[in-house]
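Spelled out, the chains give:
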Amino acid sequence: MSIKKKVLICGATGFIGRNLAEQLSRSNEFEVHAVRFLRPEYACKNVIWHQADLRRPEDIERVIKGMDIIIQAAATTSGSKDIVSRPYIHVTDNAVMNSYLFRAAFEHKIQHVIFFSCTVMYSSSDNALKESDFNANTPLHPRYFGVGNTKLYIEKMCEFYAGISNTKFTAIRHSNIYGPHDKFDLERSHVFGATITKVMTAENKISVWGTGEEERDLLYADDLVDFVTLAIQNQTEKYRLYNCGYGKAIAIKDLVKKIVGYSGKNLRIEHDLSQPTIKTSLFLDCGLAKKELGWEAKTDLDMGIQKTLAWWNTNIAKKISEVTS
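Every value quoted in this text rests on a predicted model; they were computed, and no experiment measured them.

*Asks:* How do you make sense of the side chain of D182 when you look at a structure like this?
*Replies:* Checked against the element boundaries, D182 lands in the loop between β7 (176-178) and α6 (191-201). One buried charged residue, D182, forms no salt bridge at all, with the nearest opposite charge on K183 at 6.0 Å.

This is the structure we're talking about:
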């Protein structure tokens, strides 16, 4: 009987972390340890819970001992509103917790660390972007200056520690993730979760900011979990930076139409043209991950929308009805 690898999932109460915990805990390959901070733990079979503030080195020391793999899904995150009005909240805490966590992984000789980066460092493009298409000499969009440069710094920390140790590091530049356990409140959610909530709570109409021509690459959460599993199994290089996305872009206005269509509701779609529209497009070339890990997205957008709506109806709609009844 093979010995299970001890996996520490940091940020296990968050959107990505919860999908990882629920799915990896069903695998015979892993013994799953989940880290929470302020949110309560949830019932999940075969998961061992730990409470820790990852900004404190002593807390990291306590939870990291004996682990084989660290999946770093903990972060101070929120929606686009905070990126504009409070950009500093995405910088300090994330730089601090990852600096301490990676140093501890180095000192404890952890086998593998997986870090979730993002795609805000990429410029808008009509072509699928490879990892090498990022140009450090091109200034980031002012809105993403703080969060984007923080992610780039943490990616370089991954590369640094991989170069001076036997710990393997994976940095994942993933596109917009959606699916079960996403944020569905309008204050903190990203475009997909916000649109689901707007559609499912609307009575007659839904309003889209601007013309809705912005294009996004949307990846279902299950495909990201598959990516992590394949990186653990198949990555041979000490450090790798991978794109992870659906590989196609969809305009927000078309996304709204799809969600309305699959919701079964008869809603009128209006455009609030007083809101600005920045015609941008971003989607990822994930050829490196396919070549080295054998990964590619399996869930097409239509199926992903239907799965998410089914989950919303089972979980979120019930909570809303309890509050309003």
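*Asks:* Would you mind going over the nonpolar core with me for this structure?
*Replies:* Proteins that are soluble and globular tend to have nonpolar side chains buried together. Membership of the largest hydrophobic core comes to 40 residues, with the highest contact counts inside it found for I9, L20, I71 and W295. In terms of residue count, the dominant contributor to this core is helix α7 (residues 221-234) (eight residues). Filtering out sequence-adjacent residues up to four positions away, I9 remains in contact with G17, L20, A21, L24, V32, H33, A34, V35 and I71.

*Asks:* Whenever I open this one, the packing of aromatic side chains confuses me. Can you help?
*Replies:* Two aromatic rings, taken as a pair, are described by how far apart their centres are and by the angle between their planes. This model, assessed by the stated rule, comprises 10 aromatic pairs. Between F227 and W295 the ring centres are 5.2 Å apart and the planes differ by 70°, which places this aromatic pair in the edge-to-face class. One end of the pair, F227, is in helix α7; the other, W295, is in the loop between α9 (287-293) and α10 (301-324), and 68 residues separate them in sequence. Given a relative accessible area of 0%, F227 falls into the buried group.

*Asks:* In this structure, what is going on with the state of the cysteines? I would like to understand it.
*Replies:* Each disulfide is one covalent bond, formed between the sulfur atoms of two cysteines. Tallied over the entire structure, the rule returns zero disulfides. Of all cysteine sulfurs, the one in C158 lies closest to C118, which takes part in no disulfide; the gap is 13 Å. With a relative accessible area of 12%, C118 lands in the buried category. Looking at the unpaired C286, the closest cysteine sulfur is the one in C244, lying at 6.1 Å. A relative accessible area of 12% means that C286 is categorised as buried.

*Asks:* For this particular structure, what's the right way to read the packing of helix α2 (residues 57-64) against helix α4 (residues 92-107)?
*Replies:* Relative placement of two packed helices is described by the angle separating their axes and the distance separating the axes. As a packed pair, α2 and α4 sit with axes 10 Å apart at the nearest point and diverge in direction by 40°. As judged from the angle between their axes, α2 and α4 are oblique. Crossing angle aside, the handedness with which α2 passes α4 is right-handed. Packed against α2, whose contacting residues are P57, I60, E61 and I64, the element α4 presents M97, Y100, L101, A104, A105 and E107 at the interface.

Definitions and cut-offs
- Residues numbered from 1 in each chain as written.
- Predicted model: local features only at pLDDT ≥ 70, side-chain atom pairs only at ≥ 80, totals over all residues.
- Heavy atoms only, no water.
- Helix = DSSP H or I, 4+ residues; strand = E, 2+ residues; numbered from the N terminus.
- Buried < 20%, exposed > 50% of the residue type's maximum accessible area, 1.4 Å probe, protein only.
- Lys, Arg positive; Asp, Glu negative; His and termini not counted.
- Salt bridge = Lys/Arg side-chain N within 4 Å of Asp/Glu carboxyl O.
- Core = buried A, V, L, I, M, F, W, Y, C linked by side-chain atoms within 4.5 Å.
- Contact = heavy atoms within 4.5 Å.
- Phe/Tyr/Trp six-rings, centres within 6.5 Å; stacked < 30°, edge-to-face > 60°.
- Disulfide = S-S within 2.5 Å.
- Axes fitted to C-alpha atoms, helices over the stretch in contact; angles between N-to-C directions.
- Parallel < 35°, antiparallel > 145°, perpendicular 65-115°, else oblique.
- Left-handed = near helix turned anticlockwise from the far one by under 90°.

No statement about biological role is implied by the geometric values presented.
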